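Fold and contact review
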Amino acid sequence: MQSTKTILFINGANTVGGAEQSMIQTIKYLSNLHYRICVAIPKAPGDPLGESLKPYVDKIIYTKIPVWSATSAPSTIQKIKMKFYRLRHYGIPLMVLARLFMISRKFAVDLVHTNTLHTNIGRRLARWLKVPHVQHLRELSGCSEISQISIHGQEDPVSFRRKHGQNDGLIANSKFCLDFNRSWFEGDKEKIIYNPVQSISIKKQISRENVVRVSMLANVTSSWKNHQLFIKIAAAYLQNHPQGKIIFKIYGKIPTGTSSYYQGLINLVDRFKISEYVHFMNSIPASEAYAGTDILVHTSPFESFGRIFIEAMGCGIPVIGVASGGAKELITHEYNGLLIKGSNLKGFVEGIERVIADNNLREHLISNGRATAVGFSPEKVLQELPNFYKQVMNA
């Protein structure tokens, strides 16, 4: 398939997190189909996202798009920041829109594709350019603009649609994500397209003295990832196996400066007296984290997708997750992983015990997990995206 259509992607952060990794794979895939790609992202030291995208795009527009990320239960300070964010989000970006408009006209943009945040910027720009707009929802739990509004009750779906109008298309990275946000985009064309996950090559690190390494990969800046439950699982397991050869590792960005959430996690570890067994590893390349992991346990019940499950499966690592959100769509219980209902400490501990003790189960999960991961390659996941673009542009 060949196309001369030009797509403008707008992303609210110049980082390379989970959503941005999917964005990179999407743009790489589209560039191979001869789409012309423009990207609008904020300036940032080192330009991590821009550097990753440069081989695949025709134009990168650097601009001051405000960025916001919240937890599902914001503090008073976060609420104040949210109000300030909304003032910036709907006012100051007029200068951003003007700049994007001029460049977009120059490149004859045919469609605006907004990634998670900044639906309003993308929608306004698409109206000015008189082209369709596709909104791509990848995150929940207060991390997307729409989710913030719905969780905090600041606006209802009907008034939101009346004020902002409809998008032309809505892409969600799971059925859970689509159902969660559908009321805000009633009447739009819808499509579920899972996040593409590129396979990760690892060189497995052999554990000394056969110590089992149970890992969680989630930034310690994100409280909705439920690190507390992971620590409680570690404490409960160690209570059952006080002489067990096991360590629990939390990989992910550790906040700089004062963080009440991070300090609370440290206090929880100290209270259970398990600091010898629970380690905060900070952020390192995913390949290194998976190379030092024997079992992946992820405790967030709000993942809209959960790329870590697919990455771990592809690396031959058994996975255990909460039976909700996107995890339920990726993991089939006792086939390619284990699903635990809610915050069931006993269930998580028993799951870890089963994976360690039952060689047949472990190999069964690893084998089927690898097969599952293959189905989430960019070539398989994104093959329906061009047709969806066509539907939206032809509407």
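Let me begin by describing the structure that accompanies this report.

Criteria and thresholds
- The written sequence of each chain sets the order in which its residues are numbered from 1.
- This being a predicted model, a pLDDT of at least 70 is required before a residue's local features are given, and a value of 80 or more before pairs of side-chain atoms are given or counted; all residues contribute to the totals for chains, interfaces and linings.
- With hydrogens and water set aside, each side-chain value is computed from the structure's full complement of heavy atoms.
- Secondary structure elements follow DSSP: runs of H or I of four or more residues count as helices, runs of E of two or more count as strands, with numbering from the N terminus.
- Under the scheme applied here, a residue whose accessible area is under 20% of the maximum for its type counts as buried, over 50% as exposed, and between as partly exposed, the area being computed with a 1.4 Å probe on protein chains only.
- Only heavy atoms enter the contact rule, under which two residues are in contact if any of them lie within 4.5 Å.
- Throughout, the Shrake-Rupley method with a 1.4 Å probe supplies accessible areas, and for residues the shown protein chains are the sole cover considered.
- Pairing between strands is defined by DSSP: at least two bridges between the two strands are required.
- Helix axes are fitted only over the stretch in contact, all axes being lines through C-alpha atoms; the angle between N-to-C directions runs from 0 to 180 degrees.
- A clockwise course of the path from the first strand over the helix to the second, judged with the strands pointing away from the viewer, identifies a crossover as right-handed.
- Polar contact criterion, stated in full: a pair of N or O atoms within 3.5 Å, where within protein one must be able to donate a hydrogen and the other to accept it, and residues adjacent in sequence count only if both atoms are side-chain atoms.
- By salt bridge we mean one thing: a side-chain nitrogen of Lys or Arg within 4 Å of a carboxyl oxygen of Asp or Glu.
- The cut-offs work like this: below 35 degrees is roughly parallel, past 145 is roughly antiparallel, 65 to 115 is roughly perpendicular, and the gaps in between are oblique.
- In this count, Pro and Cys sit with the nonpolar residues alongside Ala, Val, Leu, Ile, Met, Phe, Trp and Tyr, while Asp, Glu, Lys and Arg are called charged and the others, Gly among them, polar.
- Here, the term nonpolar core denotes a set of buried Ala, Val, Leu, Ile, Met, Phe, Trp, Tyr and Cys residues that are joined through side-chain atoms within 4.5 Å.

1. Topic: the overall build of the protein
A tally of helices and strands in the protein yields 17 helices and 13 strands. Taking all 395 residues of the protein together, the buried fraction comes to 55%. For the protein, the proportion of contacts with a sequence separation of at least 24, taken over those separated by at least 6, is 70%. Per element, the accessible surface of the protein, about 17800 Å² overall, is 51% carbon and sulfur.

2. Observations concerning the sheet that holds strand 7 (residues 189-192)
The sheet built from seven strands is open, its strands ordered 3-2-1-4-5-6-7 with parallel pairing. The open sheet has two edge strands, strand 3 (59-63) and strand 7, and neither has a second partner. Each adjacent strand pair in this sheet contributes to an overall mean axis angle of 20 degrees, direction not counted. Where strand 6 (residues 169-172) meets strand 7, four bridges bridge the pair, whose relative direction is parallel. By the bridge assignment, Gly 169 is partnered in strand 7 with Lys 189. Its contacts with the sheet put helix 1 (residues 18-32) on strand 1 (6-11), strand 2 (36-42) and strand 4 (111-115), and the angle it makes with strand 1 is roughly 170 degrees.

3. Here we look at the pairing of strand 6
Residues Gly 169 and Ile 171 line one face of strand 6 and the alternating positions Leu 170 and Ala 172 line the opposite face, and both faces are buried. The pairing of strand 5 (residues 133-137) with strand 6 spans four bridges and is parallel. When the sheet's bridge partners are listed, His 136 is paired in strand 6 with Ile 171. Crossover strand 6 to strand 7 through helix 8 (residues 175-181) is right-handed.

4. Some details on unusual backbone geometry
For His 34, which is not glycine, the phi torsion reads 75 degrees and is therefore positive. With respect to the element layout, His 34 can be found in the loop between helix 1 and strand 2. Relative accessible area serves as the criterion here: at 43%, His 34 is assigned to the partly exposed category. Positioned with a positive phi, Asn 226 is a non-glycine residue whose angle comes to about 70 degrees. Along the chain, Asn 226 falls in the loop between strand 8 (212-217) and helix 9 (227-240).

5. Brief notes about the side chain of His 136
With respect to the element layout, His 136 can be found in strand 5. Judged by relative accessible area, which is 5%, His 136 ranks as buried. A distance of 3.1 Å separates polar atoms of two side chains, one belonging to His 136 and the other to His 113.

6. Remarks on the pattern of salt bridges
Opposite charge on two side chains allows them to pair when their charged atoms are near. Under the definition given, this model contains seven salt bridges. One salt bridge connects Arg 213 with Asp 294, and the closest N-O pair in it is separated by 2.9 Å. Remark: Asp 294 occurs in the loop between helix 11 (286-291) and strand 11 (295-298) and Arg 213 occurs in strand 8; sequence separation between them is 81 residues. We classify Arg 213 as buried; its relative accessible area is 7%. Measuring nitrogen to oxygen at the nearest pair gives 3.2 Å for the salt bridge that ties Arg 307 to Glu 311.

7. Examining the side chain of Thr 6
Note on placement: Thr 6 falls in strand 1. On the basis of relative accessible area, Thr 6 is assigned to the buried category, the value being 1%. Beyond its immediate sequence surroundings of up to four residues, Thr 6 is in contact with Arg 36, Cys 38, Phe 107, Ala 108, Val 109, Asp 110 and Leu 111.

8. Here we look at the packing of helix 9 against helix 10 (residues 260-272)
Packing of helix 9 against helix 10 brings their axes to within 10 Å, and their N-to-C directions diverge by 10 degrees. The orientation of helix 9 with respect to helix 10, classified from their angle, is roughly parallel. Here His 227, Gln 228, Ile 231, Lys 232 and Ala 235 of helix 9 come into contact with helix 10, specifically with Tyr 261, Leu 265, Leu 268, Val 269 and Phe 272. Here the contact of helix 9 with helix 10 is built from residues that sort into seven nonpolar, two polar and one charged.

9. Section: the nonpolar core
Phe 9, Ile 37, Val 39 and Tyr 389 are the most contacted members of the largest nonpolar core, which has 47 residues in total. At the level of secondary structure, the elements contributing two or more residues to this core comprise strand 1, helix 1, strand 2, helix 2 (48-53), helix 11, helix 12 (307-314), helix 13 (327-330) and helix 17 (385-394). With 38 residues, the next largest nonpolar core counts Phe 230, Ile 246, Leu 268 and Phe 348 among its residues.

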